[in-house]
Amino acid sequence: MEIQLAASWAPILKEEMEKEYFKKLKTFIEEAYKTTVCYPPKEQLFAAFDHCTFEDLKVVIIGQDPYHGKGQANGLCFSVNTGRAMPPSLLNIFKELHSDMGLMIPGDGNLERWAKQGVLLLNATLSVAEGSPGSHQKKGWETFTDHVIKTISEEKKGVVFLLWGGYAKKKGKKIDREAHLVLESGHPSPLSANRGYWFDNRHFSTCNSYLENNEIDW
């Protein structure tokens, strides 16, 4: 599988992508996409990097798996393709935005508009088989995305990391909290949100206050 990583990320991640584990991952992904229906489409596997340059990166949101339903995943965590129904977690994100900043809940769940402003919407695992959540875990993606997070922590300053839920918190354990702002809460899924672990976290306004004149237009 030939990987065309965005120009701003390619030199930063080149060495990591030449490691043996990543070569095995590429082989696995190539075979998986040939033999089963997988998401997102192969050309969108690295969409998080395509839409958010390393230079412009201001915020990192960490997800777990891509959506595994037909036509949902577009390579950005929590985001769905235009025209698709909004999953419950994404709807709860917009509900918190409404509560926190007074923004109206949009009819479109495509978060490319965030990514293009410098929000890296990074799933821990960048692919999944249709109808089979977690099916591409422990194949190498997590090692790669750990390296991405570590690189951002070491090479950038003043990035806001939004860690929602236990998995994201664990993924972000090695972030330098002296150099960056790390905001943690429960996951926006109904299971967590309805227990009081998500709503009123005010992450979006806190993020923008930290970024001062470089805010995200959520």
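Reading the values: rules and limits
- Residues numbered from 1 in each chain as written.
- Predicted model: local features only at pLDDT ≥ 70, side-chain atom pairs only at ≥ 80, totals over all residues.
- Heavy atoms only, no water.
- Salt bridge = Lys/Arg side-chain N within 4 Å of Asp/Glu carboxyl O.
- Helix = DSSP H or I, 4+ residues; strand = E, 2+ residues; numbered from the N terminus.
- Buried < 20%, exposed > 50% of the residue type's maximum accessible area, 1.4 Å probe, protein only.
- Expected span 1.5 Å × (residues − 1).
- Contact = heavy atoms within 4.5 Å.

A. Quick look at the pattern of salt bridges. Counted according to the given criterion, the structure contains 8 salt bridges. For the salt bridge of E16 with K19, the shortest nitrogen-to-oxygen distance reads 2.9 Å. Here K171 makes a salt bridge to D146, at a shortest N to O gap of 2.9 Å. Taken together, the residues K171 in helix 7 (residues 166-171) and D146 in helix 6 (residues 141-155) connect sequence positions 25 residues apart. The class for K171 is buried, based on a relative accessible area of 11%.

B. Representation of helix 4 (residues 88-101) in the model. Taking 1.5 Å as the rise per residue, helix 4 with 14 residues should run 20 Å; its terminal C-alpha atoms sit 20 Å apart, in good agreement. For helix 4, the full list of buried residues reads S89, L90, N92, I93, F94, E96, L97 and D100. Those residues of helix 4 hidden inside the fold are in contact with helix 5 (112-115), strand 5 (160-164), helix 8 (190-193) and helix 9 (203-211). Phi for G102, located one or two positions after helix 4, is positive at around 75 degrees.

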